[in-house]
Amino acid sequence: MDFQENEKRSLNFIESIIEEDLQVNKNQGRVHLRFPPEPNGYLHIGHAKSICLNFGLANEYNGLCNLRFDDTNPEKEDVEYVDSIMEDISWLGFDWDGDPKYASDYFQQLYDWSVQLIKEGKAYVDEQPQELISEQRGVPTRPGIDSPYRNRPVEESLDLFERMKNGEFSTGDMILRSKIDMSSPNMHMRDPIMYRILHQTHHRTGDDWCIYPMYDWAHGQSDFIEGITHSVCTLEFEIHRPLYDWALDQIVEGDYRPRQIEFARLNLSYTVMSKRKLLELVKDNHVNGWDDPRMPTISGFRRRGYTPESIRNFADRIGVAKRDNVIDVSLLEFSVREHLNQIAPRALAVLDPIKVVITNYPESKVEELELANNQNDENAGTRIVPFTRELYIERDDFMEDPPKKFFRLGPEREVRLVGAYIIKCEDFKKDAEGNITEVYCTYDPDTKSGGAGAKRKVKGTIHWVSAEKAVDAEVRLYDRLFVDEDPDGHKDKNFKEFLNPDSLKVLQNCKIEPAFSTVKPGDKLQFQRLGYFCVDKDSSHNKLVINRTVPLRDSWSKRK
RNA sequence: UGUCCGAUGGUGUAAUGGCAGCACUGCAGAUUUUGAUUCUGCCUGUCAAGGUUCGAAUCCUUGUCGGACAACCA
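A. View of the overall build of chain A. When its secondary structure is counted, chain A shows 13 helices and 25 strands. Taking 2.2 N^0.38 as the reference for a compact globule, 560 residues should give roughly 24 Å; the C-alpha atoms of chain A span a radius of gyration of 31 Å, well beyond that estimate. Projected onto its principal axes, the C-alpha positions of chain A cover 100 × 60 × 45 Å. Counting every position in chain A, which comprises 560 residues, the buried fraction comes to 51%. Long-range pairs, those at least 24 residues apart, make up 70% of the contacts in chain A with a sequence separation of at least 6. Here chain A has roughly 26900 Å² of accessible surface; of this, 45% comes from carbon and sulfur atoms. If the 76 positive side-chain charges of chain A are averaged to one point and the 97 negative ones to another, these points end up 6 Å apart.

See below:
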């Protein structure tokens, strides 16, 4: 903690609850959380919030946090997702307590508890078709009506339930229902379904089971089995809480009892967050897979060049509360820049090159200039950058007819090449379309960085690379995936109508200073004056592929 | 015309009956061999009305607005 000991930090509402529980020694003073994803998709930044919350709370209160896969619906789940979820959590920097847990580990116990409930007259097998059951359930403003099977003899339900388990019936033939209250204003209490028949191979239990418990008849029990004290979930489960508590009422003996606490999920501007929609983007090839750097998935951010630290800091900054929220992406971008600014070595790279010839510089001369890897951090060391007669500079850094306040190169203008000399533009060449093809300059030998005449000031400093020594790279420039702040918030328009057609620009002819020719996938760099970049896994030994994580803040382009 | 939840600057989030603070964004300025970073300053807020109180963002009442809920999904 960077704070002084005596300065009391304000608590979020979940921390307050935990501290109150600790005061009265609830659950023997244990704090045990869990992160319970269903393995049916890749984790996104919203899950990251939940992960940071749960694991963070465990660290803060000397407690534990489990990883539990909520794998009660084999139709949608797969080991591919299990693996990616574990990878993402580890990458974020968290360790779960013991082995990963699975709701499917508890299938037998859940079954036994169901049998007990039937015996107590609190559950029954319903044989009606789905539509009828749904119709009888009524609507929120009108009570439902009882199923004709609601009061069937216990023995009958017991027999049927066992035969359901034994596979004597087909998928959808019958269900096990709990008997609660068909007129409850809370729809979830109107005899909710506990078990359904699903002849479907499960990614872990194979064909051992053909009946699977529903969320509401698995989650509270799983929490209880694992000794979870604070079961933190998102707001949409708030209305399930009475059912969560009802389920616990059926099995809890003694003092220990888990408590469900709901918080508002993260929404981020300019993106969508639901697994269904993200899956749609992947399937329809609007992006190149779950880890496409434009995706709000954890794997997407990782490939984009975000660091675990930056995401954890982001999660801290957004806070935890119960009101709906939309976080501006600029806060996320601030968080990566903040971290990358500290750790990313500076490099010179020209993305859209035009050639500059220093006419008074010797043809074959190569000067080895020593440049700081990070001007703000002496410990970052230095590197050698070759300077030659022919260079590349950024196309944006030259204007034939520059406006006021343009501090870069133009006819008769002077500019400093970062870490090298002041040069003056004497002439330039254009092609038939009027594009600048070459710029001719002279350099002032007295102005070499660190040298005697280096103190001379010019308005602008621009980046450059040696044309002869630079290495080639493909650079992928990413922009926000959607052009609308809330692509999902339009009643009559599909979110895909707001896809940004320019969310990816691939530049093939980029030039990078040779010191960085040996970088490896995942390495982070700051291309000076351009932004933060990272090496993509598509790179090979003869071709560098580089992603732009985020541009530098740029008060010049805003001004234009 | 149900039940539950929520409402503090542009966006988030604090203040737990006692000075409405912090961060991001935006805008100015200083420094700068990155138009970056850093530093300084500024803008902008308690949904409404009534009540309780010496004192209300906070407690009470009513209203308004927003969200969630009617899957054999989680």
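B. Representation of the pattern of salt bridges. Counted according to the given criterion, the structure contains 44 salt bridges. With a closest N to O distance of 3.0 Å, Glu-226 and Arg-68 form a salt bridge. Of the two residues, Glu-226 is situated in helix α7 (residues 219-226) and Arg-68 in strand β2 (residues 64-69); the sequence distance between them amounts to 158 residues. On the basis of relative accessible area, Glu-226 is assigned to the buried category, the value being 10%. Notably, a salt bridge pairs Arg-395 with Asp-352, separated by 3.6 Å at the nearest N-O pair. Taken together, the residues Arg-395 in the loop between β15 (390-394) and β16 (414-417) and Asp-352 in the loop between β11 (349-350) and β12 (353-358) connect sequence positions 43 residues apart. Assessed through its relative accessible area of 30%, Arg-395 is described here as partly exposed. Under the relative-accessibility criterion, Asp-352 is labelled partly exposed at 36%. Each member of the salt-bridge network shares a partner with another, and the members are Asp-291, Arg-303, Glu-474, Arg-476, Asp-536, Lys-537, Asp-538 and Lys-543.

C. Looking closely at the packing of helix α2 (residues 45-60) against helix α11 (residues 308-318). α11 packs onto α2 with a crossing angle of 75 degrees between their chain directions and a minimal axis gap of 9 Å. It follows that α2 is roughly perpendicular to α11 by the angle criterion. Two secondary-structure elements touch here, α2 through Ile-45, Ala-48, Lys-49 and Cys-52 and α11 through Ile-311, Arg-312, Phe-314, Ala-315 and Ile-318. Class assignment for the residues of the contact of α2 with α11 results in 7 nonpolar, no polar and 2 charged.

D. Seen up close, the protein's contact with RNA strand B. In the vicinity of RNA strand B, 71 residues are found, and the nearest of them are Arg-323, Arg-346, Ser-449, Gln-526 and Arg-529. Within 4 Å of the protein, atoms of RNA strand B come from sugar and phosphate in 62% of cases. Between Asp-70 and RNA strand B, the recorded distance is 3.1 Å, taken from a side-chain N or O atom to a sugar or linking oxygen. Between Arg-553 and RNA strand B, the recorded distance is 3.2 Å, taken from a side-chain N or O atom to a phosphate oxygen. Mapped by element, the contributors of at least two residues to the surface near RNA strand B are β6 (193-197), α11, α12 (329-343) and α13 (555-559). With 4 residues, α12 is the largest single contributor of residues to the surface near RNA strand B. In terms of residue class, the surface near RNA strand B is made up of 26 nonpolar, 25 polar and 20 charged.

E. Geometry of the pairing of strand β24 (residues 531-535). Of all 5 residues that make up β24, 5 are buried, and the element is covered over most of its length. Looking at chain direction, strand β23 (residues 524-527) and β24 are connected through 4 bridges and run antiparallel. By the bridge assignment for β24, Leu-525 is matched with Phe-533. Between β23 and the antiparallel strand that follows it, β24, lie 3 residues; Arg-529 among them carries a positive phi value of about 70 degrees. Where β24 lies against strand β25 (residues 544-551), 5 bridges are found, and the strand directions are antiparallel. Bridging across to β25, Tyr-532 finds its partner in Val-550.

F. Molecular detail of the packing of aromatic side chains. Under the counting rule described, the total for this entry stands at 22 aromatic pairs. Seen in terms of ring centroids, Tyr-111 and Phe-161 are 4.9 Å apart; in terms of plane orientation they differ by 20 degrees. Their pairing is stacked. You can see Tyr-111 sitting in helix α4 (residues 107-119) and its partner Phe-161 sitting in helix α6 (residues 154-165), a full 50 residues away along the chain. The exposure classification of Tyr-111 matches that of Phe-161, with both residues buried. Taken together, Phe-107, Tyr-111, Phe-161, Tyr-195, Trp-209 and Tyr-212 form an aromatic cluster joined through their ring pairs. Cation over ring: Arg-204 sits above Tyr-102, and NZ or CZ is 3.5 Å from the ring centre. Directly above the ring of Tyr-270 sits Arg-480, whose terminal nitrogen or CZ lies 3.9 Å from the centroid.

G. Highlighting the domain arrangement of chain A. Domain assignment breaks chain A into domain 1 (3-263), domain 2 (268-345 + 473-558) and domain 3 (349-463). Computed over C-alpha atoms only, the centres of domain 1 and domain 3 are separated by 63 Å.

H. Structural view of the sheet that holds strand β1 (residues 32-35). Read from one edge of the open sheet, 3 strands run β1-β2-β3, paired in parallel fashion. Where the open sheet ends on each side, the last strands, each with one partner, are β1 and β3 (101-102). Pairing between β2 and β3: 2 bridges, direction parallel. Note that in β3 the partner of Phe-69 across the bridge is Tyr-102. Sitting on the sheet, α2 touches β1 and β2, and the angle it makes with β1 is about 160 degrees. Running over the sheet, α7 touches β1, β2 and β3 and is turned about 140 degrees from β2.

I. Spotlight on unusual backbone geometry. Despite not being glycine, Asn-62 shows a phi value in the positive range, around 55 degrees. Mapped onto the fold, Asn-62 is located in the loop between α2 and β2. Among the residues examined, Asn-62 registers a relative accessible area of 77% and is labelled exposed. At Glu-412, a residue that is not glycine, the phi angle is positive and equals roughly 70 degrees.

J. Representation of the side chain of His-240 in the model. Relative to the assigned elements, His-240 resides in the loop between β8 (230-234) and α8 (241-251). A distance of 2.8 Å separates a polar atom in the side chain of His-240 from a polar atom in the side chain of Asp-216. Residue contacts for His-240: discarding those within four places in its chain leaves His-188, Tyr-215 and Asp-216.

Definitions and cut-offs
- Residues numbered from 1 in each chain as written.
- Chains lettered and ligands numbered in written order.
- Predicted model: local features only at pLDDT ≥ 70, side-chain atom pairs only at ≥ 80, totals over all residues.
- Heavy atoms only, no water.
- Helix = DSSP H or I, 4+ residues; strand = E, 2+ residues; numbered from the N terminus.
- Rg over C-alpha atoms; globule rule 2.2 N^0.38 Å.
- Buried < 20%, exposed > 50% of the residue type's maximum accessible area, 1.4 Å probe, protein only.
- Contact = heavy atoms within 4.5 Å.
- Areas by Shrake-Rupley, 256 points an atom, 1.4 Å probe, with all protein chains shown as cover.
- Lys, Arg positive; Asp, Glu negative; His and termini not counted.
- Charge placed at Lys NZ, Arg CZ, Asp CG, Glu CD.
- Salt bridge = Lys/Arg side-chain N within 4 Å of Asp/Glu carboxyl O.
- Axes fitted to C-alpha atoms, helices over the stretch in contact; angles between N-to-C directions.
- Parallel < 35°, antiparallel > 145°, perpendicular 65-115°, else oblique.
- Nonpolar A, V, L, I, M, F, W, Y, C, P; charged D, E, K, R; others polar.
- Near = heavy atom within 4 Å.
- Polar contact = N/O pair within 3.5 Å; in protein donor to acceptor, adjacent residues only side chain to side chain.
- Pairing = 2+ DSSP bridges.
- Phe/Tyr/Trp six-rings, centres within 6.5 Å; stacked < 30°, edge-to-face > 60°.
- Lys NZ or Arg CZ within 6 Å of the ring centre and 35° of its normal.
- Domains from an automatic or database assignment.

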